[in-house]
Amino acid sequence: MRVPAELANAFGAPFEELIGRFVTEEGLAPSPEALRSHRFIARSVIPHVAKLSALFNRREAEKSGPQGLAPYWKESSNPENLRLAYFLYFMPSNLFRAASIWAELARLGYRWAARGPLSAIEFGSGPATGACGIAAGERHAPIGLPAGGTWALIEQDRAMLELGVRWAGRYFPNQGFAEWGTRPFHRKLSLGSGLLPRSAPRFQLWLMSFFLNELSEDPAEIARALLDSWERHLENEGIAILIEPALKVESRKLLEFRAQLLSEIRRRKLEDFKVLLPCLGHQACGALANAEDWCHEEVAWWRPPYFREIDKLANLDRKTLPFSYLVIARSMRSREELLPALAGTAPENRQRLVSPAHFEGKEQEFFVCGQDGKRRARYRAQGPEDPAAELERGDVLLETELRGDPNASRISRIGKRG
Ligand SMILES: C[S@@+](CC[C@H](N)C(=O)[O-])C[C@H]1O[C@@H](n2cnc3c(N)ncnc32)[C@H](O)[C@@H]1O
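These figures come from a predicted structure and were not determined experimentally. (Residues numbered from 1 in each chain as written. Predicted model: local features only at pLDDT ≥ 70, side-chain atom pairs only at ≥ 80, totals over all residues.)

**With respect to the site of the ligand**
Phase 1 of the analysis: Around the ligand, 21 residues are found, and the nearest of them are Gly124, Gly126, Thr129, Gln156 and Ser209.
Phase 2 of the analysis: At the level of secondary structure, the elements contributing two or more residues to the shell around the ligand comprise helix H5 (79-107), helix H6 (129-140) and strand E2 (149-155).
Phase 3 of the analysis: Sort the elements by how many residues they give to the shell around the ligand and H5 lands first, with three residues.
Phase 4 of the analysis: Residue composition of the shell around the ligand, by class: nine nonpolar, eight polar and four charged. (Near = placed C-beta within 6 Å. Helix = DSSP H or I, 4+ residues; strand = E, 2+ residues; numbered from the N terminus. Nonpolar A, V, L, I, M, F, W, Y, C, P; charged D, E, K, R; others polar.)

This is the structure we're talking about:
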């Protein structure tokens, strides 16, 4: 996914200074300079980054004990350092992922159309990661969010929730949203009892970042429950953003969720719900068709300096951040009205790159996914001015002419890159 340079560059020294001062004031680090101390990072942060990383990468079968991953904040002998590790490492990466999805909406021409001050909600908010990601996205790739608004944050861990309220209180104004506030709700959500009480209001923006995979229910149950909630609590012209790990099991679970959601939308004859991204239509999922396949995005960023040090010491490499995602819109407007970049190209002539591209001689080879599913394709650019001279995972190809079978297709024309 192409991210505006300004956003990819937004996590350098000034961000490090902001987060360093914040964790010091929170009593989680002895001083802002501690983030540059090899000794502090190695002793207080790395063991917990390693532990959380192993936990989040555990296979589905191992996660689905009676409590799933739920108690991990309480599992540590040093909960402060566990939170610090999450805050310094996983929070900024997930924040950047959410901001990148926002930038993708902006790139395809999406404009905010809901009325009144922003009313948004983040489920399983941890340290308000997703909410802060939208602030960063709107700052660097604006789609027209209002200057004033409120984020409801729902989280089962009280200490994380409170940390998130204070962090959002610092980060929102830093990104230019001094009139955004938060309302914390300390609760353990359960699908069975409905995600929100019936009396809860409607929200324009609904966010779940690395949360769905912590639920034990199957994709069909989750799809029914979320659609119930959206019918009741997602505002007209609102959107829901779901971000999940790029791992095969979790990614396939999200793809199955999409399939179930689409069938539930059809069964209920709802004309105002659309899966907007990453798929450019409501076709059957090209990746689900093969039991070994899945679908993910990847974004590149300039990591904060302290983050590079954590990567080095923990033997990790988060120069690029993979994830799977869905954006669902509630609107009677057509996909082309919502994403004007697509207008003028018939649905069968739109494709999205769902793999990296590599050169085979003068041709680029890659996988695309479109109305007729997923296919391996080749394209020979018409010189350096060609908008598709160097393709990347996530590129949207418009006005394409394509022939051949799913294993060997040839794209003879790409009119525009979305
Ligand atoms: C992997 S973290 C993601 C946090 C944050 N959204 C982010 O992207 O950084 C998942 C969060 O969901 C919370 N969570 C998991 N199950 C929950 C539930 N049933 N009710 C409320 N919060 C829950 C966890 O406590 C944890 O903070």
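From this point, the narrative continues.
**Let's talk about the pairing of strand E1 (residues 118-123)**
Phase 1 of the analysis: E1 sits mainly inside the fold: five of its six residues count as buried.
Phase 2 of the analysis: Pairing of E1 with E2 involves six bridges; the strand directions are parallel. When the bridges of E2 are listed, Ser119 appears paired with Thr150.
Phase 3 of the analysis: Considered for its hand, the β-α-β crossover made up of E1, H6 and E2 is right-handed. (Buried ≥ 20, exposed ≤ 12 C-beta atoms within 10 Å, placed from the backbone. Pairing = 2+ DSSP bridges. Right-handed = clockwise from strand over helix to strand, strands pointing away.)

**Here we look at the domain arrangement of the chain**
Phase 1 of the analysis: Taken as a whole, the chain is organised into domain 1 (5-333) and domain 2 (342-417).
Phase 2 of the analysis: If you average the C-alpha positions of domain 1 and of domain 2, the two centres end up 30 Å apart.
Phase 3 of the analysis: Each side of the interface is counted separately: domain 1 has 12 residues, and domain 2 has 13 residues.
Phase 4 of the analysis: Residue classes in the side of domain 1 that touches domain 2 are distributed as seven nonpolar, three polar and two charged. (Domains from an automatic or database assignment. Contact = placed C-beta atoms within 7 Å.)

**Focus on the nonpolar core**
Phase 1 of the analysis: In terms of nonpolar packing, the biggest core is built from 126 residues, with Ala131, Ile241, Ile310 and Val327 touching the most fellow members.
Phase 2 of the analysis: Top element by residues in this core is H5. It accounts for 16 residues.
Phase 3 of the analysis: Residue-level mapping places this core at the junction of two domains, with at least three residues from each of domain 1 (5-333) and domain 2 (342-417).
Phase 4 of the analysis: In this structure Val327 touches Ile101, Leu105, Ile239, Ile241, Leu276 and Leu277, once residues within four positions along its chain are discounted. (Core = buried A, V, L, I, M, F, W, Y, C linked by C-beta atoms within 7 Å.)

**What to know about helix H9 (residues 248-267)**
Phase 1 of the analysis: The first and last C-alpha atoms of H9 sit 28 Å apart over 20 residues, in line with the 28 Å expected at 1.5 Å per residue.
Phase 2 of the analysis: The complete set of buried residues in H9 reads Glu250, Ser251, Arg252, Lys253, Leu254, Leu255, Phe257, Arg258, Leu261 and Ile265.
Phase 3 of the analysis: Elements that come into contact with the buried residues of H9 comprise helix H8 (219-233), strand E5 (234-244), strand E6 (273-277) and strand E8 (320-330).
Phase 4 of the analysis: Lys269 occupies a position one or two residues after H9 and carries a positive phi of about 55°. (Expected span 1.5 Å × (residues − 1).)

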